[in-house]
Amino acid sequence: MLPKRFTQSRTRRYWKALALLAGIGLALIGHVQANDDNLMQHVHQFLYEETQALGEEVVIDLRPPSPHLPVCVQPEPFLPNANQAPLGRVSVGVRCGEDRRQVRYLQAQIDVIGNYVVAARDIERGTLITSEMLNERGGNLGDLSAQALTAEEDIVGKVAQRPIRSGSAFLAHYLQAPHLVERGQRVTVIAQGAAFRVSREGEALENGALGERIRVRFGSREIMTARVTEQGILVVDF
């Protein structure tokens, strides 16, 4: 049997070591928690800046990162789909590290209370949308489809590609910009640069709306791509 003094000494060393390990563990947990809080703050601020212009009130519910992921150094949030308004359930990318090669994704629910546009009456396919065909409605923009167009300027002047019922929101694929150039039409193509401007007449090989790039044929063989700028007019920029 070991002497009592020896047993007590080992016991004291054991509890000191255990307390030291516990302290280290708590310090590590605190460090990870602090880094997670920093990451959450960066992402929350980023989402607020992206959504504050969409409505009168913004509510952001951000899910914390997985505890199994390494610490994100110098977080740089971004939206994977930059062309889509961050509404409803969204995924937010975050680049980490000095070289920004580490990427992770967080999930968020974004609710924005504001106004959006709906059809004031039934609209038939092929109709050119005017402001008289629209009504404004208030609500949670996060409940709308990700493809919904909420601003009047994004809707007026477009052509309905399918019937739209009264009270319905306008989705991007419901509408199309009107053609300023029709396939087979004789068009004027203007080539311009810093010190020159030359125009030629050709034949449009495709339909084209404002800003679209379409092919134009000159003579029997020469084909060029030009940008539609107005009715029957296209431009090639140099």
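The shown structure was predicted, so the numbers you read here are calculated from the model rather than taken from an experiment. (Residues numbered from 1 in each chain as written. Predicted model: local features only at pLDDT ≥ 70, side-chain atom pairs only at ≥ 80, totals over all residues. Heavy atoms only, no water.)

Caption draft 1: Looking closely at the environment of Gly 88. Tracing the backbone through its elements, the reader meets Gly 88 in strand β3 (residues 88-96). Taking the relative accessible area as the measure of exposure, Gly 88 reaches 5% and is therefore buried. Along the backbone, Gly 88 and Asp 111 are 23 residues apart, and their C-alpha atoms lie at a distance of 6.0 Å. Excluding residues within four positions of it along the chain, Gly 88 makes contact with Ala 108, Gln 109, Ile 110 and Gly 142. (Helix = DSSP H or I, 4+ residues; strand = E, 2+ residues; numbered from the N terminus. Buried < 20%, exposed > 50% of the residue type's maximum accessible area, 1.4 Å probe, protein only. Contact = heavy atoms within 4.5 Å.)

Caption draft 2: Local environment of the pattern of salt bridges. Evaluated as defined, the whole model comprises six salt bridges. Of the charged contacts, one joins Arg 186 and Glu 201 as a salt bridge, the two residues approaching to 3.4 Å between their closest N and O atoms. Linking Arg 186 in strand β11 (residues 186-192) with Glu 201 in strand β12 (residues 197-204), this pair joins segments that are 15 residues apart in sequence. Taking relative accessible area as the criterion, Arg 186 reaches 49% and is therefore assigned partly exposed. Look at Glu 201 and you get exposed, because its relative accessible area is 53%. As a salt-bridge pair, Arg 215 and Glu 206 come within 3.6 Å of each other at their nearest N and O atoms. A relative accessible area of 29% places Glu 206 in the partly exposed class. (Salt bridge = Lys/Arg side-chain N within 4 Å of Asp/Glu carboxyl O.)

Caption draft 3: Here's a closer look at the state of the cysteines. Within this structure, the stated rule accounts for one disulfide. Residue Cys 72 pairs covalently with Cys 96 via a disulfide, S to S 2.0 Å. Of note, the bridge from Cys 72 to Cys 96 carries an S-S torsion of about -100° and is left-handed in sense. Taken together, the positions of Cys 72 in the loop between β1 (57-62) and β2 (76-78) and Cys 96 in strand β3 put the pair 24 residues apart, joining distant regions of the chain. Here Cys 72 and Cys 96 have matching classes, each one buried. (Disulfide = S-S within 2.5 Å.)

Caption draft 4: Local environment of the pairing of strand β4 (residues 102-119). Here β1 pairs with β4 via six bridges, running antiparallel. Following the sheet pairing, Ile 60 is matched in β4 by Ile 110. Sheet topology note: the β3/β4 ladder contains nine bridges and is antiparallel. Paired with Gly 93 across the bridge in β4 is Tyr 105. Here β3 hands over to β4 after five residues, with Gly 97 in that stretch at a positive phi of 85°. With seven bridges joining them, β4 and strand β5 (residues 134-140) adopt antiparallel strand pairing. (Pairing = 2+ DSSP bridges.)

Caption draft 5: Focus on a negative patch on the surface. Together, Glu 132, Glu 136, Glu 152, Glu 153 and Asp 154 make up a region of like negative charge exposed at the surface. Along the chain, the position of Glu 132 falls in the loop between β4 and β5. For Glu 132, a relative accessible area of 64% gives the class exposed. (Patch = residues over 30% accessible without salt bridge, like charges linked within 9 Å, V, L, I, M, F, W, Y side chains within 5 Å. Areas by Shrake-Rupley, 256 points an atom, 1.4 Å probe, with all protein chains shown as cover. Lys, Arg positive; Asp, Glu negative; His and termini not counted. Charge placed at Lys NZ, Arg CZ, Asp CG, Glu CD.)

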